[in-house]
Amino acid sequence: MQPLKGLTFFIFYAKLRIVFLIRNNMDKAKTLTGKCEFYSETGTEGGYWAFQDSRFIKPNTTQFVCKKCYVVWDKKRSPNGPAPIVEGALSVDKIILITKETIKKNYKLPRKCRPNKHEFELSPNEFEEYEGLHILKDGDYLFINSPKEPDKIVWEGIISLHQYPAFKKAVFGCWMHADQNGVDRKKWAEYFFKEYPAKLIKKESL
Ligand SMILES: [Zn+2]
């Protein structure tokens, strides 16, 4: 059994060394600070485990949505009153949040309010820019912190994903593409759905 022992020692040493290298890197600019995110939109066929760099999160100060009829209003673009927001070929008139109620089959859109009867509120709270979005990849190193105690690490490790074909696995009612090996799916998903604070060192910069 002697050779095996030697091998075990080597693996242990190698692991220690990787962790040491990562800890060493933490002080450098390579560590990104931000939050976990379940990234999903039309065309992604489900959600990805992702990280949003906080440098690319901007507070929303101009875009409002009516609480009653969901009409959208960008005050900066249309100072005189609500108008659809046009982005290329896309024209957005309403923004409806996905909730337990709105995904029901028999859900009916509320009627549009009369002019001056809207109840506008800023929505969303912030805008996340694509530039700061990183879909997690095998070999990235991620630290997940507790939202209540930001200095406490609730999970840290190397990303190692078990991939599934599209529309095969779901969590909390959402299609997903992969499991993180060795972590309970629901526990992992919670970090991302609740957008826990996190730090990321990308594989390329390790
Ligand atoms: Zn309204």
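Computed from a prediction, not measured in an experiment: that's the story for all the values here. (Residues numbered from 1 in each chain as written. Predicted model: local features only at pLDDT ≥ 70, side-chain atom pairs only at ≥ 80, totals over all residues.)

**Student:** Describe the overall build of the protein, naming the residues involved and giving the relevant values.
**Tutor:** On a plain count of helices and strands, the protein comes out with two helices and 17 strands. Expressed as a percentage of contacts within the protein between residues at least 6 apart in sequence, the contacts between residues at least 24 apart total 59%. (Helix = DSSP H or I, 4+ residues; strand = E, 2+ residues; numbered from the N terminus. Contact = placed C-beta atoms within 7 Å.)

**Student:** Explain helix α2 (residues 185-193) to me, using residue names and the numbers behind them.
**Tutor:** Within α2, burial applies to Ala189, Tyr191 and Phe192. Seen end-on, α2 carries its buried residues on one side only, within an arc spanning 150 degrees. Residues of α2 that are exposed and angled more than 90 degrees away from the buried face: Lys186 and Lys187. On its buried side, α2 packs onto β1 (31-39), β2 (48-53), β11 (141-145), β12 (153-158) and β14 (169-171). At the exit of α2 stands Glu195, carrying a positive phi of roughly 50 degrees. (Buried ≥ 20, exposed ≤ 12 C-beta atoms within 10 Å, placed from the backbone. Arc of directions from axis to C-beta.)

**Student:** I'd love a proper account of the nonpolar core, names of residues and values included.
**Tutor:** In terms of nonpolar packing, the biggest core is built from 13 residues, with Cys36, Phe51, Leu142, Ile144, Phe192, Ala198 and Leu200 touching the most fellow members. For this core, the secondary structure elements donating two or more residues are β2, β11, α2 and β17 (197-201). (Core = buried A, V, L, I, M, F, W, Y, C linked by C-beta atoms within 7 Å.)

**Student:** Go over unusual backbone geometry with me, naming the residues and quoting the values.
**Tutor:** Going from Ser123 to Pro124, the amide bond is cis rather than trans, its omega being -5 degrees. Tracing the chain through its elements places Pro124 in the loop between β8 (120-122) and β9 (126-128). Non-glycine residue Glu195 carries a positive phi angle of around 50 degrees. Relative to the elements of secondary structure, Glu195 occurs in the loop between α2 and β17.

**Student:** So, the sheet that holds β17: which residues are in play, and what are the values?
**Tutor:** Strand pairing in a sheet relies on backbone hydrogen bonds. The paired strands run either parallel or antiparallel. Spatially, the six strands line up as an open sheet ordered β10-β2-β1-β17-β11-β12, and their pairing is antiparallel. Strand pairing shows two members of the sheet lacking a second neighbour, β10 (133-135) and β12, which therefore form its edges. Taken pair by pair, the neighbouring strands of this sheet meet at an average axis angle of 30 degrees, ignoring direction. Of the pairings in the sheet, the one linking β1 to β17 comprises five bridges and is antiparallel in character. Bridged to Thr33 within β17 is Lys199. Its contacts with the sheet place α2 against β1, β2, β11 and β12, and it is angled at close to 110 degrees to β1. (Pairing = 2+ DSSP bridges. Axes fitted to C-alpha atoms, helices over the stretch in contact; angles between N-to-C directions.)

**Student:** Describe the environment of Phe193, listing the residues and the values that go with them.
**Tutor:** One can find Phe193 in helix α2. The sequence separation of Phe193 and Cys36 amounts to 157 residues, and the corresponding C-alpha distance is 7.9 Å. When residues no more than four places from it in sequence are discounted, the contact partners of Phe193 are Phe38 and Phe172.

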